[in-house]
Amino acid sequence: MPAHDPGMKVSSRNLLLDMFFSAQSVQELSNNKPAAAAAAAAAAPCAAAKPLRHTAMQIVKWIVSLTLVALAIVMAMYAALGFEENTLLNTMWYDYAATTNNTAPSNHHLLVPPSSPAPKAAIGGGAAAAGSGLEKELNQAEVLQQQQEQEDCAGRYIHIYALPELFNSALIEEYCDGRTIWPTVCNTLINKGLGDPIVTSVATAQEGNNSSSSSSSSKSVDFFSPKLWYQTDQFALEVMVHERMKLYECLTEDPSLASALYLPYYVGLDVARNLFNPLVQVRDKLSLKFVGWLLAQPEWRRRQGEDHVLVLGRVVWDFLRKDATNEWGIAMLRDPELGNMTKLLIERNPYAPNTKMIGIPYPTSFHPETDADVEAWQTVVTESSRDNLVSFAGAPRKVEFNGKLRGTLLHQCMESENCTLLDCSKISCPKNPQYVTGLFLRSVFCLQPPGDSPTRKGIFDCLVAGCIPVFFSNDSAYAQYLWHLPRNGSSYSVFINENQVQENGDNVIEMLASISSTRVKKMQQTIVGMIPGLVYAKPGYKRMEFKDAFDIIIDHVLGKSGSASPPHLESDSQDHN
């Protein structure tokens, strides 16, 4: 509502009332025959001018009528602007009386008693009544909308803690000010955590890759719109989820109404700052401060953190350092005080299933804005020719980091005409996701051996491109992403026991070639249906039919998923014997 000058209100109302009461007096005079007769007798010299007097009376009547109509219009305008006091006329009368020393009328002369709200339809005639009726309808619509929102949000309210800035935005500033050992991290956090848009619109899996041993075609891929595809970092989820949570439709500022309380602490960014610092006191400093702050909150004490949620954007091993040792990471998740809190990570500890640690998908480079974007990409995936049987995008690893298995797979891929290799030691795959996705789009199977840890971002890059992942560890996916992947691992993936490759010397490419085309087609169809739930839509995404990875997380956190978490999955090896 626009601001009004109070002085202007008083002066304008006084003017209107002067007009109103003057006009009313003239009207009463014209309707009072004795008074009119007396006035005529007093004006005897002019009695002969009867036509002139008749004309004058008509003019007076017209002035009165026009004045009343103007007053009704003004009243309607005040009502439309939301000017609400006891009643407009009552308020105007008291202002008028105060400035002219008139006596306020008794209550029975008021249009509406001052002690009760005035129905605006009673003010100013038909125009005001129409305006009032419209306003009532709008108010009723607002009430109904609020009631509907309350019904829709029943049991779904989430409260976002207003954490001190040192736990989130100050960490981003530290990276962007160049005060950490990671000068490029700042660019990965722009665009609400999505990173830089992909600037190359046409890509091939062969560009920049001098070590490929593929016999595949050089068919180009032209689907990477910079509006939908980004150089999203694998560790960006803390910022991304926070930005999505800010736009969640059922937020509440009242923690007592919330079914879940979200903690926007960027603990992964915190850990990475001092990842190689030998002093555990330095590494643990901020996380210890956070835990102390959290345990002092009355909302935490109410349920001992049972309804609290924290997203950790790195693998679980970065937060499980043994106490008082000099090994990797921090010790935050070893604190028993945090045992009741739900902890969402890109890789959980599969050997501690009762610690409320849940694996959630790594972010991919695809961030749709609409359902149409998702459907269009599913069409691209479905219609892709897939002229490569097998592909592998990765780099060699040291033996202590699963390097032996990788070395074997790299060798087998380079020796086979049915396998394409994208060597990420010669091209930066994180900064060129279009090359990775282009390769996976043209491949039937994608090898997904463990990296520095059992999981890889490539698993989700592979699935979003419609490529069938090939796993060598049960901990890579089956025991990790219980909310987002199907119960039956063999419905979308192939499992080959590492021992079959390392000890028996089985050739992975030949084993995959033996899988029936019927089963391949079924797995591909399953994967296409999984795509919406594996991607993180851009903040502000207006979903209709599809639920993205964030929506699925929210449903499970609130217990609205409609199904229990799937059990630990058994490996599928029936096609590899």
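In the annotation of an unreviewed UniProt entry, the protein is listed under the name Exostosin GT47 domain-containing protein and assigned to Sphagnum troendelagicum. Word for word, the UniProt comment on the protein under Sequence similarities (unreviewed entry) is "Belongs to the glycosyltransferase 47 family." In its Subcellular location (unreviewed entry) section, UniProt records this for the protein: "Golgi apparatus membrane".

(A) A look at the overall build of the protein. Regarding its fold elements, the protein presents 19 helices and ten strands. Excluding contacts between residues fewer than 6 apart, the proportion of contacts in the protein whose partners are at least 24 apart in sequence is 74%. Total accessible area computed for the protein in this model is approximately 27700 Å², and 56% of it derives from carbon and sulfur atoms.

(B) Inspection of the pattern of salt bridges at higher detail. Within the structure shown, the criterion is met by 16 salt bridges. Across the pair aspartate 177 and arginine 179 runs a salt bridge whose closest N-O atoms are separated by 3.3 Å. In terms of burial, aspartate 177 and arginine 179 fall into one category: exposed. Linking lysine 538 and glutamate 369 is a salt bridge whose minimum nitrogen-to-oxygen distance equals 2.8 Å. Here lysine 538 is found in the loop between α18 (517-530) and α19 (549-557), whereas its partner glutamate 369 is found in the loop between β5 (357-359) and α12 (371-383), with 169 residues between them in sequence. Accessibility expressed as a relative area gives 15% for lysine 538, which makes it buried. Connected via shared salt-bridge partners are Arg156, Lys547 and Asp555.

(C) Quick peek at the environment of leucine 257. Examined against the element boundaries, leucine 257 turns out to sit in the loop between α8 (237-246) and β2 (260-263). With a relative accessible area of 49%, leucine 257 lands in the partly exposed category. As a C-alpha pair, leucine 257 and arginine 156 span 101 residues in sequence and 9.3 Å in three-dimensional space. If sequence neighbours within four positions are ignored, leucine 257 has contacts with Tyr157 and Thr252.

(D) Local environment of the pairing of β2. Burial along β2 is two-sided: the face carrying Ala260 and Tyr262 and the face carrying Leu261 and Leu263 are both buried. Where strand β1 (residues 158-160) and β2 come together, three bridges link them in parallel fashion. Counterpart to isoleucine 158 in the pairing with β2 is alanine 260. Two strands pair when backbone bridges link them, and β2 and strand β3 (residues 308-315) are joined in this way by three bridges, in the parallel orientation. Bridge pairing in β3 places tyrosine 262 opposite valine 309.

(E) Structural context of the nonpolar core. With 91 residues, the main nonpolar core has Phe445 and Leu512 as its most contacted residues. Membership of the second largest hydrophobic core comes to 35 residues, among which are Val239, Phe319, Leu320 and Met341.

(F) Focus on helix α6 (residues 169-176). Within the sequence span of α6, burial applies to Leu171, Glu174 and Tyr175. Considered in projection along α6, the buried side chains sweep an arc of 95 degrees and stay on one side of the axis. On its buried face, α6 is in contact with α7 (185-188), α9 (267-273) and α10 (280-295). Positive phi appears at glycine 178, one or two residues downstream of α6, with a value of about 75 degrees.

(G) Seen up close, the sheet that holds strand β6 (residues 388-394). Judged by pairing direction, the sheet is parallel, and its five strands sit side by side in the order β7-β6-β8-β9-β10 without closing on themselves. One side of each edge strand has no neighbouring strand; the edge strands of this open sheet are β7 (419-423) and β10 (494-495). Docked against the sheet, helix α14 (residues 433-441) engages β6, β7 and β8 (443-448), running at close to 160 degrees with respect to β6. Contacting β8, β9 (468-471) and β10, α18 runs over the sheet at an angle of about 105 degrees to β9.

(H) Spatial organisation of the sheet that holds β1. Read across the sheet, five strands follow the order β1-β2-β3-β4-β5 without closing on themselves; strand pairing throughout is parallel. Two strands close off the open sheet at either side, each with one partner strand: β1 and β5. Pairwise comparison of adjacent strand axes, ignoring direction, gives a mean angle of 30 degrees for this sheet. Along the sheet, α8 contacts β1, β2, β3 and β4 (342-347); its crossing angle with β3, the most-contacted strand, is approximately 145 degrees.

(I) Local environment of the state of the cysteines. Following the criterion strictly, the structure yields five disulfides and no others. Here cysteine 176 is linked by a disulfide to cysteine 186, with a sulfur-sulfur distance of 2.0 Å. Residues cysteine 176 and cysteine 186 are joined by a disulfide whose S-S torsion is about 95 degrees; by sign, that bridge is right-handed. Note that cysteine 176 is positioned in helix α6 and cysteine 186 in helix α7, a separation of ten residues in sequence. When its relative accessible area of 17% is taken as the criterion, cysteine 186 is described as buried. Residue pairing for cysteine 424: its cysteine sulfur links by disulfide to cysteine 429, the two sulfurs lying 1.9 Å apart. Taking the sign of the S-S torsion, -85 degrees for the link of cysteine 424 and cysteine 429, the bridge is left-handed. Judged by relative accessible area, cysteine 429 falls into the buried class, the value being 10%. For the protein, numbering the cysteines in disulfides from first to last along the sequence yields the connectivity 1-4, 2-3, 5-6, 7-8, 9-10. For cysteine 462, which is in no disulfide, the shortest distance to another cysteine sulfur is to cysteine 446 and amounts to 3.7 Å.

About the cut-offs
Residues numbered from 1 in each chain as written. Predicted model: local features only at pLDDT ≥ 70, side-chain atom pairs only at ≥ 80, totals over all residues. Heavy atoms only, no water. UniProt positions renumbered as here; feature names shortened; annotations may be inferred. Helix = DSSP H or I, 4+ residues; strand = E, 2+ residues; numbered from the N terminus. Contact = heavy atoms within 4.5 Å. Areas by Shrake-Rupley, 256 points an atom, 1.4 Å probe, with all protein chains shown as cover. Salt bridge = Lys/Arg side-chain N within 4 Å of Asp/Glu carboxyl O. Buried < 20%, exposed > 50% of the residue type's maximum accessible area, 1.4 Å probe, protein only. Pairing = 2+ DSSP bridges. Core = buried A, V, L, I, M, F, W, Y, C linked by side-chain atoms within 4.5 Å. Arc of directions from axis to C-beta. Axes fitted to C-alpha atoms, helices over the stretch in contact; angles between N-to-C directions. Disulfide = S-S within 2.5 Å.

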